[in-house]
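One-letter residues, chain by chain:
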Amino acid sequence: MNVYISATLRNFFGRNARLETDAKSIKDILNWLKDEYPEAEKVLFDENGKLRSFIRIYAGDENRSSEDKWEKALSEDSEVLLLPAIAGGAPENDSIIPEERRKAVAFDDKEIERFGRHLMLKDIGVKGQKRIKAARVVVAGAGALGSAVIQYLAAAGVGTIKVVDFDDVALENLQSQVIHTTRDLNRPKVASAKDIVRNINRGINFEAENTKLEADNIVDIIDGYDLVIDCTDNYKARYLINDAAYLCGIPVVFGAIYQFEGQVTIFNHNDGPCYRCAFPAPPPAGLVPTCAEGGAISPLPGIIGSIQANEALKLIIGIGDHLSGKILTVDSLYLRFKLLELKKEKECLLCGAHPSIKGVQDFDYEDFCGLKQPEEEIPIEGFTPEELAKRIENEDPMTIVDVREPHERAIQRFPNAIVIPIGQLARRMNELDPEQDTIFICKQGMRSILAINTLREAGYKGPMYNLKGGIDAMKDIMFSHEGAWL
Ligand SMILES: [Zn+2]
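Residues numbered from 1 in each chain as written. Predicted model: local features only at pLDDT ≥ 70, side-chain atom pairs only at ≥ 80, totals over all residues. Heavy atoms only, no water.

1. Side note on helix α1 (residues 26-36)
Taken together, the buried positions of α1 are occupied by I26, I29, L30 and L33. Angular distribution of buried residues about the axis of α1 spans 95°; they occupy a single face of the element. (Buried < 20%, exposed > 50% of the residue type's maximum accessible area, 1.4 Å probe, protein only. Helix = DSSP H or I, 4+ residues; strand = E, 2+ residues; numbered from the N terminus. Arc of directions from axis to C-beta.)

Here it is as C-alpha cells:
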C-alpha cells in the first residue's frame, strides 16, 4: 500500500512524497515508519508516545487519527496520507525573476502599506514582493479566465502586465468575464482590462495588445517577458502560445474550462513537459464544442483563473510546489479535484530529443487545428445570414438542419429547422431529401461544415449548404425579422 507524506513533513522521511509498505493497519504503518525513519518519530509522536495533534492520518477519505482506529485492517489498495494540520514553511524554489532585476526594485511607503499582508509572510517578505514588482507577465486572453488572472496579478503587485486580446465586449461575456461591465459593451476587452488594473493600482505598468495572436506576431509580443498565462479559448492559440513560449524559453501557466470542468498546469518549466507532450494534436475541428459553444458555469473561470494566478506568483516568488509535470483537473459539479501526472515526451515535436518545430513561422497552425478547408476536397458552399433570411422569406423549398446539441437549442431555437445532432447524422440521412437543398446550421458555422463532410463521406448525394458564421452571425437578422418568421 502507499503512504503519502505531505510536503512539509517530507524532510523527516528522506524527502519522499510516497512510501510503499506492506503494513496492514495504521499501527503497523506507524511502527514501520519509526523503524525506517527514526528521525520521524519525534515529529510524529510527543514525549508520551501520543500522535502529535497537528498531524492527521487519513486512509482514503476516512480520518483514522484516533488510536482506536489504528488496529483496524486496511485493504491492500488503501492510500494513507499523513497530513499536518498546519502547513508550515513553504520550500524555497528558484524564482523565474533574475536577481539583478529584483535588486533594482525599491518600494515607497504607500507600497509597503499596500503589500503589508504579503510582506508579513515569511515565504514572501520584501524579497518576494520585489520579485513580484520586477515581474513582466503576459496574459493571453482577457475573457473569463483572464478576468480572475488580471485582477489578482494587479492586486498582488505584478509590475508589468501585458494583456493580449482582439475581441470587443459582448453582452453574453458578462456572465463570467467579471472585469467587463455593462458600460464596456462594444469596447475592446483590453480597454476594460486596462481600466480595472488602473483602478486597482496606478503604479502598474499596463500594456495592451488589441490584436489576435498569430505566428507572425507572437514572438514579438512575448519575447523578453518572464511568464505567459494562457487564458485563451481555442486550440490554435494554445499551440501557438506553447510553441512560441518554449522557443523563447518562457514558462506557461495554462488554464482551460468547459461547462463544469477545468484544467490547470504549467508548461515549459524546468525541463518539464509542454502542451504538445500532453496533447500531441487537437481534436478534429468542430468535434468538441469550444467554451463559447459549450458554455461554462459562471464562477468556474474564477476558480481556475485564481489557481493560475497563484501558480504564477509561486513561480515569480520562487516558493512552493507547482504544477509543472502535473495537471490539476477540477470538476465543479461533483466538487472533485484531481492531480494527475504529466510527462515530458521524448518524441515531442517541439521539446523532444529530435524536435522538428524550430520556429512558429514554419508550422501551419490553421491546418493543424483543422481550420483550413483541404484544397483537394470539393469546396463547401454556403449562404450568408442575409441570403438564408431571404430564402426563408421567399419560402424557397429547402430543409434546414440544426446540428447543435440539445442544451444549445434550449438557449436559442432556430425556427423552421429540423434537429439532428451531429453524431446522429450519418445514420439518419434518410430523413433528408436529396432532391432538395439542405442547409446546415450550428452556433458558429464550423460544426455545420463537419456535418456536411460527414454526410459526404457517408455517401449522401443531395445539395448541401452551410450557414456562414452560424446562428451567432444571424442573430441580428433573426431578431429584426421576429414578426415575419420567428
Ligand atoms: Zn513537448
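2. Some thoughts on the coordination of the zinc ion
Summarising the metal site, the zinc ion is bound by the protein donors C274 (SG), C277 (SG), C348 (SG) and C351 (SG), whose distances to it range over 2.2 to 2.3 Å. With four donor atoms in place around the zinc ion and angles of 94 to 119° between them, the coordination shape is tetrahedral. Expressed as a motif, the donor residue spacing for the zinc ion is C-x2-C-x70-C-x2-C. You can see C274 sitting in the loop between β11 (261-267) and α11 (275-278) and its partner C351 sitting in the loop between β13 (336-341) and α14 (365-368), a full 77 residues away along the chain. Side by side, C274 and C351 carry an identical accessibility label, which is buried. (Donors = N, O, S within 2.8 Å, 3.2 Å for Na, K, Ca; no water. Tetrahedral: all angles 85-135°; square planar, octahedral: opposite > 155°, others 65-115°.)

3. Overview of the packing of helix α7 (residues 144-156) against helix α13 (residues 300-317)
Put simply, α7 and α13 touch, their axes get as near as 8 Å, and they point 40° apart. Taken together, the axis directions place α7 and α13 in an arrangement best described as oblique. Considering how the two elements wind past one another, α7 and α13 form a crossing that is right-handed. Taken together, the residues of α13 that come into contact with α7 (itself represented by A144, L145, A148, V149, Y152, L153 and A156) are P301, G302, I304, G305, S306, Q308, A309, A312 and L313. (Axes fitted to C-alpha atoms, helices over the stretch in contact; angles between N-to-C directions. Parallel < 35°, antiparallel > 145°, perpendicular 65-115°, else oblique. Left-handed = near helix turned anticlockwise from the far one by under 90°. Contact = heavy atoms within 4.5 Å.)

4. Topic: the sheet that holds strand β14 (residues 382-383)
Read across the sheet, five strands follow the order β14-β18-β17-β15-β16 without closing on themselves; strand pairing throughout is parallel. Edge positions in the sheet fall to β14 and β16 (417-419), since each of these pairs with one other strand and no more. As paired strands, strand β15 (residues 398-402) and strand β17 (residues 437-441) are joined by five bridges and run parallel to one another. By the bridge assignment, I400 is partnered in β17 with I439. Where helix α17 (residues 447-457) meets the sheet, it contacts β17 and β18 (464-467), and its direction lies at approximately 165° from that of β18. (Pairing = 2+ DSSP bridges.)

5. With respect to the pattern of salt bridges
Under the counting rule described, the total for this entry stands at 29 salt bridges. With a closest N to O distance of 2.6 Å, R276 and D243 form a salt bridge. Taken together, the residues span a long stretch of sequence, with R276 in helix α11 and D243 in helix α10 (residues 235-248) at a distance of 33 residues. (Salt bridge = Lys/Arg side-chain N within 4 Å of Asp/Glu carboxyl O.)

6. Thoughts on the packing of helix α6 (residues 125-134) against α13
Their axes nearest at 8 Å, the elements α6 and α13 cross at an angle of 110°. Between α6 and α13, the angle falls in the class roughly perpendicular. Here α6 runs over α13; the crossing is right-handed. Of the residues in α13, those in contact with G128, R131 and I132 of α6 are L313, I316 and I317. Residue classes in the contact of α6 with α13 are distributed as four nonpolar, one polar and one charged. (Nonpolar A, V, L, I, M, F, W, Y, C, P; charged D, E, K, R; others polar.)

7. Quick word on the sheet that holds strand β7 (residues 160-164)
With mixed pairing, the eight strands of this open sheet are ordered in space as β8-β7-β6-β9-β10-β11-β12-β13. Because the sheet does not close on itself, it has two edges, and the strands there are β8 (205-209) and β13. Strand-to-strand twist of the sheet, defined as the mean angle between neighbouring strand axes without regard to direction, takes the value 15°. Relative to β8, β7 runs parallel, the two sharing five bridges. In the strand pairing of β8, V163 is matched with A208. Across the sheet, α7 is in contact with β6 (136-140), β7, β9 (227-230) and β10 (252-258); its angle to β6 comes to roughly 165°. Lying over the sheet, helix α8 (residues 189-200) contacts β7 and β8, oriented at roughly 175° with respect to β8.

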